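Here are the chains, one letter per residue:
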Amino acid sequence: AAVEGAEFVPVKAEDIGIEAIDDRTLRITMRQSAPFFLGLLAHQFFRVVPQKAIEKHGKNWIRKENIVTSGPFRIKEYRPYDALVLEKDPNYWDSSNVHLDGIEFYPIEENSTILNLYKAGSIDAFLNHTVVTSWIAEVRNYKDEYMNFPEGSTAYYSFNITRPPFDNIKLRKAFSMAVDRVALSSFRKITKPLYDLTPDGIFPEYDKARVKVSEEIRQERGVAPEVWAKNNKFDPEQARRLLTEAGFPVQPSGDGFACPTFPTATVSMMFNTGENNRAIAEFLQAQWKQNLGITVPLKSQEFKTFLKDRHEVTYSGLAQSLWSGDYMDPYTFLGLHYGYPNNGDSGFNDPKYNKMLDEANSELDVTKRYEMLARAEFYLMEQQPSVPLTINATNWMKKPYVKGMYPNPGTLLPWKFVYIEKDRAKWDTNVDTIMTQIDPQVEKQLTELTDTQKK
């Protein structure tokens, strides 16, 4: 209502669990333990917004002439679909430690165009997932510019499990087991295979919990280790058996297979426009054609329309999904399918799963909590609401004179630390070591900020 110009709805602190104790203290009261909460506070959802500006301008408060910001930069110019130009804000509380006079962002859809602009020197850096597959081999030679580090991010395809044919678990498992993720990562060159919902290698202690819980469940069910090792892995023969059991018999056809009763006319693979997105969709299409005898039609959509159709689960068949962790805890991935509606965008809604997550987050012992989350994840993946594909990478480039810009699993860049190094002798020469080499300027700034928090 507020953004339409109406008054703010009156609320009391006890209504929302948030209250201002004084000008510098905010108290948040929670109904249950949430061990990830402090990390979550850094998310943009918790950024302060100017009540006076919103009350005055309504939904137009975000326009350049009305918006009030509190970060190190403010909007200088905004040209829709062309450029967002920022300038240093002299009113920022720590403006003396903001090193750039401004930043220009270009919202370009075609990754190859971005790469060409970078190559020509028109831009100094570009954001994550921009290097197209066909450029990887060449780009890797630029040791002073090319970043390839772990990322808390996954790629998968969601099933619409609310309508046929993917309301059938066996069918969903068949499609998942018919994808060679090792081959996909080899094709993509910068990813790792993903077999669960949560990426491995990002949360080491949780990885240990998953291994332990998996072994416990194997023993509980009395499954042989060699059989258990194939769980959720690439197994086209088993995939064809499951497809047949689901009511869609697979039969030999020439050098391959055919599944004549599968309703390809009523399903599709939906993805948003983009070179890499289409390449992945075509890879999956080829896998299912080769291993199941099914050619799933492709459907490309403009991003806003795609997001709406996916979130409302109005698509037919499968929809491309990507998730970058909002905070560094496994729950950022496991919570995608919590409650309903949710961000899993598959139509999945299971009270048992919700309860498992609630109980895990009420556990204060870190190890026990991780083990409880691992059991919840195992339960979820047995329902197969999606086809896990890859663990993505923090994968981008910057010019060697751009300093203070670091890769990180959350792909969050605090621009106030970024600066342009004029001394060529101090330029980066091997960014593989960027996380272990100390930058005196950045280190000094971090120490000063940390000291203010101790006072």
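Values in this document were obtained by computation on a predicted structure and should not be read as measured data. (Residues numbered from 1 in each chain as written. Predicted model: local features only at pLDDT ≥ 70, side-chain atom pairs only at ≥ 80, totals over all residues. Heavy atoms only, no water.)

Draft legend 1. Region of interest: the overall build of the protein chain. Along the backbone of the protein chain there are 16 helices and 15 strands. Its C-alpha radius of gyration of 24 Å places the protein chain within 12% of the 23 Å reference for a compact globule of 455 residues. Here the C-alpha coordinates of the protein chain stretch approximately 70 × 55 × 45 Å along the principal axes. Contacts in the protein chain between residues at least 24 apart in sequence constitute 65% of all its contacts with a sequence separation of at least 6. Across the protein chain, the 55 positively charged side chains and the 61 negatively charged ones have centroids separated by 1 Å. (Helix = DSSP H or I, 4+ residues; strand = E, 2+ residues; numbered from the N terminus. Rg over C-alpha atoms; globule rule 2.2 N^0.38 Å. Contact = heavy atoms within 4.5 Å. Lys, Arg positive; Asp, Glu negative; His and termini not counted. Charge placed at Lys NZ, Arg CZ, Asp CG, Glu CD.)

Draft legend 2. A negative patch on the surface, seen in detail. On the surface, a cluster of negative charge is made up of Glu109, Glu110, Glu275 and Glu302. As for its placement among the helices and strands, Glu110 is situated in the loop between strand S5 (102-105) and helix H4 (111-119). Assessed through its relative accessible area of 35%, Glu110 is described here as partly exposed. (Patch = residues over 30% accessible without salt bridge, like charges linked within 9 Å, V, L, I, M, F, W, Y side chains within 5 Å. Areas by Shrake-Rupley, 256 points an atom, 1.4 Å probe, with all protein chains shown as cover. Salt bridge = Lys/Arg side-chain N within 4 Å of Asp/Glu carboxyl O. Buried < 20%, exposed > 50% of the residue type's maximum accessible area, 1.4 Å probe, protein only.)

Draft legend 3. Region of the structure containing the nonpolar core. Core analysis: the largest hydrophobic core is formed by 65 residues, its most contacted members being Tyr157, Phe175, Leu243, Phe262, Leu284, Trp288 and Leu318. If one sorts the elements of this core by residue count, helix H15 (residues 366-383) sits on top with 8 residues. Core analysis: the next-biggest nonpolar cluster, separate from the first, contains 26 residues, Leu86, Ile114, Leu115 and Val132 among them. (Core = buried A, V, L, I, M, F, W, Y, C linked by side-chain atoms within 4.5 Å.)

Draft legend 4. A look at helix H10 (residues 236-245). Regarding H10, the residues found buried are Pro236, Ala239, Arg240, Leu242 and Leu243. Here the buried residues of H10 occupy an arc of 165° about the axis, which is enough to place them on one side. Packed against the buried residues of H10 are helix H6 (169-177), strand S9 (256-258) and helix H11 (275-292). Following H10 by one or two positions, Gly247 has its phi on the positive side, about 105°. (Arc of directions from axis to C-beta.)

Draft legend 5. Spatial organisation of the packing of aromatic side chains. Under the defined criterion, the tally for this structure stands at 20 aromatic pairs. Ring-pair connections join several aromatic residues into one group, and the members of that group are Phe159, Phe166, Phe175, Phe248, Phe262 and Trp288. The ring centre of Phe257 lies 3.9 Å from the NZ or CZ of Arg240, which sits over that ring. The side chain of Lys399 reaches across the aromatic face of Tyr118, ending 4.0 Å from its centre. (Phe/Tyr/Trp six-rings, centres within 6.5 Å; stacked < 30°, edge-to-face > 60°. Lys NZ or Arg CZ within 6 Å of the ring centre and 35° of its normal.)

Draft legend 6. Representation of the confidence of the model for the protein chain in the model. Chain-level pLDDT for the protein chain is 93 on average; 98% of the residues reach the 70-or-more range. Within the protein chain, helix H1 (residues 13-16) has the poorest average pLDDT of any element, 73, and strand S14 (residues 402-403) the best, 98. (pLDDT = per-residue confidence, 0-100.)

Draft legend 7. Highlighting the sheet that holds strand S3 (residues 73-79). Strand order across the open sheet formed by 3 strands is S3-S4-S5, with antiparallel pairing between neighbours. The open sheet has two free edges, formed respectively by S3 and S5, since each of these has just one partner strand. Averaged over all pairs of adjacent strands, the angle between strand axes in this sheet comes to 20°, irrespective of strand direction. Pairing of S3 with strand S4 (residues 83-88), which is carried by 6 bridges, proceeds in the antiparallel orientation. Bridging across to S4, Ile75 finds its partner in Leu86. (Pairing = 2+ DSSP bridges. Axes fitted to C-alpha atoms, helices over the stretch in contact; angles between N-to-C directions.)

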